[in-house]
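Architecture and fold: a report
Residues per chain are reported as follows:
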Amino acid sequence: MKFLNIGFGNLVSAGRVLAVVSPESAPIKRLSQEAKDRGMLIDASFGRKTKSVLLMDTDHVILSAIAPESLLARLEEREEEEK
């Protein structure tokens, strides 16, 4: 099982990530609020500005203070190490 470091020592299963998106748009803000209301929001930003939102296949929404580009680079780096 591969893990993705989403900042501050937090890890998520890389195989369960469906999308990593920017939190700026209204639909993503609405999605985050709905997840919070359902108890499916995980705030892994430690009080810092949210720079990315991870959508998981378990219907969880995870907030991270790491930019989507940085998360993608970490994921690609991990895939190269396996080869």
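Refer to the structure presented above.
Conventions we followed
Residues numbered from 1 in each chain as written. Predicted model: local features only at pLDDT ≥ 70, side-chain atom pairs only at ≥ 80, totals over all residues. Heavy atoms only, no water. Buried < 20%, exposed > 50% of the residue type's maximum accessible area, 1.4 Å probe, protein only. Helix = DSSP H or I, 4+ residues; strand = E, 2+ residues; numbered from the N terminus. Pairing = 2+ DSSP bridges. Phe/Tyr/Trp six-rings, centres within 6.5 Å; stacked < 30°, edge-to-face > 60°.

Notes on the pairing of strand β5 (residues 52–56)
When you tally the buried positions in β5, you get 5 out of 5 residues, the bulk of the element. Residues of β5 alternate between two faces, with S52, L54 and M56 on one and V53 and L55 on the opposite face, all of them buried. Here strand β3 (residues 17–21) runs beside β5; their pairing, made up of 4 bridges, is antiparallel. Bridge assignment links V17 to a residue of β5, and that residue is M56. Counted along the chain from β5 to the antiparallel partner strand β6 (residues 61–64), the turn is 4 residues long, and its residue D59 has a positive phi close to 75°.

Looking at unusual backbone geometry
With phi around 60°, F8 is a residue other than glycine that occupies positive phi space. In this fold, F8 is placed in the loop between β1 (3–7) and β2 (10–13). Judged by its relative accessible area of 40%, F8 is partly exposed. Of note, the phi angle at F46 is positive, near 55°, even though the residue is not glycine. Within the secondary structure, F46 is located in the loop between β4 (41–43) and β5. A residue is classified by how much of its surface remains accessible, and F46, at 52% relative accessible area, is exposed.

Examining the packing of aromatic side chains
Under the counting rule described, the total for this entry stands at 1 aromatic pair. Relative to F46, the ring of F8 has its centre 5.3 Å away and its plane inclined at 40°; by these criteria the two rings are tilted. Of this pair, F8 sits in the loop between β1 and β2 while F46 sits in the loop between β4 and β5, placing them 38 residues apart in sequence.

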